[in-house]
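Examination of the molecular architecture
Read off the chains here:
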Amino acid sequence: SANKVVLLHLDTSINKPHIEAAPLYLDDQTILYSSLRVEEPVYRYEHDTSFVPSRELYLASKSGDHWQFGDQFDAPFSEEGQNLSSVTFTADGNRAFFSRCSPDWKNKMICQLYVSTKKNDKWSQPVNLGKEINLSGTSNSQPTVGRTSKDVEVVYFVSDRKGGKGGRDIW
């Protein structure tokens, strides 16, 4: 027999006119996601640098069968003019990996990976993962944390760097 899936379209307290992205369940009642929280669509000319909207990280909470917008995620991950997305946490919940993205001089969206550590329930200022991961001229995003068969922690991510099999590959 086929598995049945129920899709629930979240209401406008969460879904806004722009893309909501990279949802991550923190627990059964809470989702962390990236959003450009505006009530009306934002349009701009491709080369207009006077206003560049930025995506931030937000929480949604479940009450019964209904999901409701919560608040902005309380961590110092934001950087003015950069979009936040794709947060993942280590198994112990004490390190967060995420991407910050902004357009380069050719208007290509370039993302770089960062890590932040939680101590005493506070997140540290993010640290760029460095030039070996964030190669110049490449976009690196969508991190996830896994473990090898020898129990070594590994961060997987998507990149458009040379040497892959397609345009954007998992590294």
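Our subject in this report is the structure included herewith. (Residues numbered from 1 in each chain as written. Predicted model: local features only at pLDDT ≥ 70, side-chain atom pairs only at ≥ 80, totals over all residues. Heavy atoms only, no water.)

**Observations concerning the side chain of Q82**
Mapping Q82 onto the fold places it in the loop between β4 (66–72) and β5 (83–89). With sequence-adjacent residues up to four places away left out, Q82 is seen in contact with S54, R55, R100, C101 and S102. (Helix = DSSP H or I, 4+ residues; strand = E, 2+ residues; numbered from the N terminus. Contact = heavy atoms within 4.5 Å.)

**Comments concerning the sheet that holds β4**
Whenever strands of a sheet pair, they do so through backbone hydrogen bonds, lying parallel or antiparallel. Taken in spatial order, the four strands line up as β1-β2-β3-β4 in an open sheet, and their pairing is antiparallel. The strands lining the two open edges of the sheet, one partner per strand, are β1 (21–27) and β4. When strand polarity is set aside, the average angle formed by the axes of neighbouring strands in this sheet is 30 degrees. Direction of pairing for strand β2 (residues 30–35) relative to strand β3 (residues 56–63): antiparallel, over a ladder of six bridges. Bridge pairing links I31 to A60 in β3. (Pairing = 2+ DSSP bridges. Axes fitted to C-alpha atoms, helices over the stretch in contact; angles between N-to-C directions.)

**Here we look at the packing of aromatic side chains**
Aromatic rings considered in pairs are described by the distance between their centres and by the relative angle of their planes. Counted according to the given criterion, the structure contains nine aromatic pairs. Ring plane angle 55 degrees and centroid distance 5.7 Å describe the contact between Y58 and F69, whose orientation is recorded as tilted. Highlighted residues: Y58 in strand β3 and F69 in strand β4, separated in sequence by eleven residues. With a relative accessible area of 10%, Y58 lands in the buried category. Here the aromatic cluster, defined as three or more aromatic residues joined through ring pairs, consists of F73, F77, F89, F98, Y114 and W123. (Phe/Tyr/Trp six-rings, centres within 6.5 Å; stacked < 30°, edge-to-face > 60°. Buried < 20%, exposed > 50% of the residue type's maximum accessible area, 1.4 Å probe, protein only.)

Remember that the coordinates give geometry; whether it matters functionally is a separate question.
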